[in-house]
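# Coordinate analysis (summary)
Here is what each chain is made of, one letter per residue.
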Amino acid sequence: TNGRIHWKSELPRYRVFSTNGAMIHDGNVSNSCFTTSMAILPNALYIGDSYNGKIHRYGVSNIALITNWVAGGYYLAASPRGFLYVSVTSGNCVQKITTNGVLITKWGGPGTNAGQMNGPTCLALDSQDNVYVFDRDNYRIQKFDSNGNVLTKWGQQGTIQGAFGDLRAITV
């Protein structure tokens, strides 16, 4: 965003650097914030806080906490269309929310069938807002459209080609 590099550690520390490494901001974000993921849209940075089950929203220009809301989230992905997608590991679902925290829809539920999940963690979006979710305890990736309809799934547990262990991040 605006040629800046955003950095957040497990400690309640948030830093912004220019692309040549000059520190622009160094400060605290919130007490006990355990960052799982970050998502950036033009006017805000969103930090998924798995410890507190919150998503923190920070203004890019003033780097101050704007708001936070409980979403039970784990990982985040931001759409240029103005939505956030949040994997809710304990709820075995994905939530589609507005940048103000309003729930649009959610999908999933515990299980092994297509569309069901057991421990969804990292997720990513493609240019059409299709959502790719790592379904951790089912050892697979599921692809959904932006409304939660299953498009495809693949993977299995193991070390052979096409199998998964514990993924930490995916990108499209």
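Please refer to the structure higher up on the page.
One structure accompanies this document, and this report is about it. These numbers were taken from a predicted model, which means no experiment stands behind them.

### Things to note about the nonpolar core
Membership of the largest hydrophobic core comes to 16 residues, with the highest contact counts inside it found for Trp107, Leu123, Val131 and Val133. Put simply, the parts of the chain that give this core at least two residues each are β8 (75-78), β12 (120-125), β13 (131-135) and β14 (140-144). If you tally residues by element for this core, the top one is β13, at four residues. Apart from the residues within four sequence positions on either side, Leu123 is in contact with Tyr75, Leu76, Ala77, Tyr85, Val86, Ser87, Val94, Val131, Tyr132, Val133 and Ile170. Ala39, Val86, Cys93 and Ile97 belong to the second largest nonpolar core, which has 11 residues in total.

### Quick look at the sheet that holds β14
Read from one edge of the open sheet, four strands run β12-β13-β14-β15, paired in antiparallel fashion. Edge positions in the sheet fall to β12 and β15 (150-154), since each of these pairs with one other strand and no more. Going across the sheet, the axis of each strand differs from the next one's by a mean of 20 degrees, ignoring polarity. Sheet topology places β12 next to β13; four bridges connect them, and they run antiparallel.

### Points about the sheet that holds strand β9 (residues 83-88)
Sheet architecture is open: four strands sit in the order β8-β9-β10-β11, paired in antiparallel fashion. Across the chains shown, the open sheet's two edge strands, defined by having one partner strand only, are β8 and β11 (103-108). When strand polarity is set aside, the average angle formed by the axes of neighbouring strands in this sheet is 20 degrees.

### A few points about the environment of Ile47
Here Ile47 shows up in strand β5 (residues 44-49). Look at Ile47 and you get buried, because its relative accessible area is 0%. Put simply, Ile47 and Leu76 are 29 residues apart on the chain and 7.9 Å apart in space, counted from C-alpha to C-alpha.

### Let's talk about the pairing of β13
Counting buried positions over the five residues of β13 gives five, a clear majority of the element. Connecting β12 to the antiparallel partner β13 that follows it, the hairpin turn spans five residues, and Asp129 within it adopts a positive phi of roughly 70 degrees. Pairing of β13 with β14, which is carried by five bridges, proceeds in the antiparallel orientation. The residue of β14 that forms the bridge with Tyr132 is Lys143. Taking the residues between adjacent antiparallel strands as the criterion, β13 and β14 are bridged by four residues, where Tyr139 takes a positive phi near 55 degrees.

### Observations regarding the side chain of Ser146
With respect to the helices, strands and loops of the structure, Ser146 is situated in the loop between β14 and β15. For Ser146, a relative accessible area of 18% gives the class buried.

### With respect to the side chain of Thr121
Tracing the backbone shows Thr121 in strand β12. Once you skip the residues sitting within four places of it in the chain, Thr121 turns out to touch Tyr74, Tyr75, Ser87, Thr89, Phe134, Arg136 and Leu167.

### Some points on the pattern of salt bridges
In this structure the tally under the stated criterion is three salt bridges. Put simply, Arg140 and Asp135 hold a salt bridge, and the shortest N to O gap is 2.8 Å. Across this residue pair, the class does not change: Arg140 and Asp135 are buried. Between Asp137 and Arg136 there is a salt bridge whose closest N-O contact spans 3.0 Å.

### As for the packing of aromatic side chains
Counting across every chain of the model gives two aromatic pairs. Plain terms: the ring middles of Trp107 and Phe144 are 5.6 Å apart, the flat faces sit at 45 degrees to each other, and that makes the pair tilted. Taken together, the positions of Trp107 in strand β11 and Phe144 in strand β14 put the pair 37 residues apart, joining distant regions of the chain. With respect to burial, Trp107 and Phe144 carry one shared label: buried. Chaining the aromatic ring pairs together yields one cluster made of Tyr85, Trp107 and Phe144. The cationic tip of Lys96 hangs over the ring face of Phe83; the distance from NZ or CZ to the ring centre is 4.4 Å.

Basis of the calculations
Residues numbered from 1 in each chain as written. Predicted model: local features only at pLDDT ≥ 70, side-chain atom pairs only at ≥ 80, totals over all residues. Heavy atoms only, no water. Core = buried A, V, L, I, M, F, W, Y, C linked by side-chain atoms within 4.5 Å. Buried < 20%, exposed > 50% of the residue type's maximum accessible area, 1.4 Å probe, protein only. Helix = DSSP H or I, 4+ residues; strand = E, 2+ residues; numbered from the N terminus. Contact = heavy atoms within 4.5 Å. Pairing = 2+ DSSP bridges. Axes fitted to C-alpha atoms, helices over the stretch in contact; angles between N-to-C directions. Salt bridge = Lys/Arg side-chain N within 4 Å of Asp/Glu carboxyl O. Phe/Tyr/Trp six-rings, centres within 6.5 Å; stacked < 30°, edge-to-face > 60°. Lys NZ or Arg CZ within 6 Å of the ring centre and 35° of its normal.

These results come straight from atomic positions and should not be treated as a statement about function.
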